[in-house]
Amino acid sequence: MFDVTAEWYDYKVKQEQEAGPKPTATGTLLRCSDAGSCERQRGFNAINAKPTEHRSAQTMLAFELGNAIHSSLQEMMLQLDGFNTAVEVPVDLSGWDVSLSGHCDAVMTNSEGKCMVVEIKTMSGYGAVRHFTSGPKREHVAQAGLYALGLDADAILIVYVAKEAAYRKSAGVRPGEVMQWYYELDEEVYPGESVRDVVQMELRRFARVEQSIQYGELPEPLVQDEETLEMFRVDLPGPFETASKHHHWECRYCVYNTACVELGPNRVDLSEVEVLQIG
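Residues numbered from 1 in each chain as written. Predicted model: local features only at pLDDT ≥ 70, side-chain atom pairs only at ≥ 80, totals over all residues. Heavy atoms only, no water.

## Concerning the overall build of the protein
Okay, so step 1: When helices and strands are counted, the protein shows 8 helices and 12 strands.
Okay, so step 2: A globule of 279 residues ought to have a C-alpha radius of gyration of about 19 Å, and the protein, at 19 Å, matches this closely.
Okay, so step 3: Principal-axis analysis of the C-alpha atoms gives the protein an extent of 55 × 55 × 35 Å.
Okay, so step 4: Here the protein, with 279 residues, has 45% of them falling under the buried criterion.
Okay, so step 5: Taken as a whole, the protein presents about 15,000 Å² of accessible surface, with 51% of it coming from carbon and sulfur.
Okay, so step 6: Side-chain charges in the protein split into 25 positive and 43 negative, and the spacing between the mean points of these groups amounts to 5 Å. (Helix = DSSP H or I, 4+ residues; strand = E, 2+ residues; numbered from the N terminus. Rg over C-alpha atoms; globule rule 2.2 N^0.38 Å. Buried < 20%, exposed > 50% of the residue type's maximum accessible area, 1.4 Å probe, protein only. Areas by Shrake-Rupley, 256 points an atom, 1.4 Å probe, with all protein chains shown as cover. Lys, Arg positive; Asp, Glu negative; His and termini not counted. Charge placed at Lys NZ, Arg CZ, Asp CG, Glu CD.)

## Some words on the side chain of N257
Okay, so step 1: Mapping N257 onto the fold places it in helix α7 (residues 257–263).
Okay, so step 2: Among the polar contacts listed, one links the side chain of N257 to the backbone oxygen of C251, at a separation of 2.7 Å.
Okay, so step 3: Excluding residues within four positions of it along the chain, N257 makes contact with T52, E53, G238, P239, F240 and C251. (Polar contact = N/O pair within 3.5 Å; in protein donor to acceptor, adjacent residues only side chain to side chain. Contact = heavy atoms within 4.5 Å.)

## Focus: helix α6 (residues 195–214)
Okay, so step 1: Here α6 spans 29 Å end to end across 20 residues, near enough to the 28 Å set by a 1.5 Å rise per residue.
Okay, so step 2: Those residues of α6 that fall on the buried side of the exposure criterion are V195, V198, V199, E202, L203, R205, F206, V209, E210, S212 and I213.
Okay, so step 3: The positive-phi residue at the C-terminal boundary of α6 is G216, with phi of around 80°. (Expected span 1.5 Å × (residues − 1).)

## What about the pattern of salt bridges?
Okay, so step 1: For the structure on display, the rule yields 12 salt bridges.
Okay, so step 2: Taking the shortest distance from any N to any O, the salt bridge between R208 and E39 comes out at 2.6 Å. Here R208 is found in helix α6, whereas its partner E39 is found in helix α2 (residues 39–46), with 169 residues between them in sequence.
Okay, so step 3: The exposure class assigned to R208 is partly exposed, which follows from its relative accessible area of 30%.
Okay, so step 4: As a salt-bridge pair, R233 and D235 come within 2.6 Å of each other at their nearest N and O atoms.
Okay, so step 5: Residue classification places R233 among the partly exposed positions, given a relative accessible area of 31%. (Salt bridge = Lys/Arg side-chain N within 4 Å of Asp/Glu carboxyl O.)

## A look at the environment of R42
Okay, so step 1: Secondary-structure assignment places R42 in helix α2.
Okay, so step 2: Through-space distance from the C-alpha of R42 to that of G113 is 35 Å; in sequence the pair is 71 residues apart.
Okay, so step 3: Setting aside its immediate chain neighbours within four residues, R42 contacts L30, D34, A35, G36, S37, E202, R205, F206 and V209.
Okay, so step 4: There is a polar contact of 3.0 Å between the side chain of R42 and the backbone oxygen of S37.

## Let's talk about the state of the cysteines
Okay, so step 1: A full pass over the atoms with the stated rule returns 0 disulfides.
Okay, so step 2: Counting only cysteine sulfurs, C115 is the nearest neighbor of C104, a cysteine outside any disulfide, at a range of 8.3 Å.
Okay, so step 3: Sulfur of C251: no disulfide; nearest cysteine sulfur belongs to C260 and is 6.6 Å away. (Disulfide = S-S within 2.5 Å.)

## Description of the packing of aromatic side chains
Okay, so step 1: Applying the stated criterion to the full structure yields 4 aromatic pairs.
Okay, so step 2: Between Y160 and W181, the aromatic rings sit 5.0 Å apart at their centres with planes inclined by 75°, giving edge-to-face as the arrangement. Separated by 21 residues along the polypeptide, Y160 in strand β5 (residues 155–162) and W181 in strand β6 (residues 178–184) bring together distant segments of the chain.
Okay, so step 3: Taking the relative accessible area as the measure of exposure, Y160 reaches 0% and is therefore buried.
Okay, so step 4: Measuring from ring centre to ring centre gives 6.3 Å for W249 and Y253, while their planes differ by 65°; the resulting arrangement is edge-to-face.
Okay, so step 5: Put simply, the rings of F132, Y160 and W181 touch in pairs and so form one group of aromatic residues.
Okay, so step 6: R42 extends its terminal NZ or CZ atom over the ring of F206, reaching a point 4.4 Å from the ring centre. (Phe/Tyr/Trp six-rings, centres within 6.5 Å; stacked < 30°, edge-to-face > 60°. Lys NZ or Arg CZ within 6 Å of the ring centre and 35° of its normal.)

## Details of the nonpolar core
Okay, so step 1: Grouped together as the largest cluster of nonpolar side chains are 40 residues, with contacts concentrated most on L100, V141, L146, I156 and V195.
Okay, so step 2: Core analysis: the next-biggest nonpolar cluster, separate from the first, contains 15 residues, I213, L263, V268 and V273 among them. (Core = buried A, V, L, I, M, F, W, Y, C linked by side-chain atoms within 4.5 Å.)

## Details of the side chain of S212
Okay, so step 1: Inspection of the secondary structure assignment puts S212 in helix α6.
Okay, so step 2: Look at S212 and you get buried, because its relative accessible area is 1%.
Okay, so step 3: Setting aside residues no more than four positions away along its own chain, S212 makes contact with E217, P219 and R267.

Shown next as structure tokens:
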């Protein structure tokens, strides 16, 4: 006999290593899917750094579930009457003074010529409970809005699908449950902020990362407070894939965690990063 999980995990890790870093949609330095993330993590991605952590088999299998859900919803959208639909559409935002691009899940144009960007996100039970009632995450609004800006679209549609039930039965979220939000670009999505406002703030963050790379430096680990929107530096990253209320949550999901700890919280010359772990 053999261990199915262990064998599958080894297979996927080897597959990822052979594939190498995924190129950006149009050859830009930065990618839209990094919207909302730590600025140092964006910098690591921009220079094609080699990860110092590998996600667990459980996490990687959950990603496979998410990919299957994405594909199924995209197939449905392509078959809808009354819409001209394209999926995995490349979007270039270089015209907004930043080297940034990405692939949006779907672009749907109705018979009246109104264009809508669709962004699909699969959620854990915890994430679904938290956001199904409170609204979409800022980073997802930013990502969808960036695509809409690059494609000159009129609106965004964010779709959340729960991959699993919540841990507590009283939470009321079941696997496969769907929530969606539609916004025009100038519509208020958060108090006093339109989608366009969220996008402009995100463009400034991407531009700051690009400037650091151009200066030959890896950015500081700057993150954004979810409530105040103020930027702050993570001075001591927490452990990878380990829950801890004493550390910033993004560090638990960052595959450059160990490298970040070794490099310290200040800006770092890229030559030091290359010695450490460039792939």
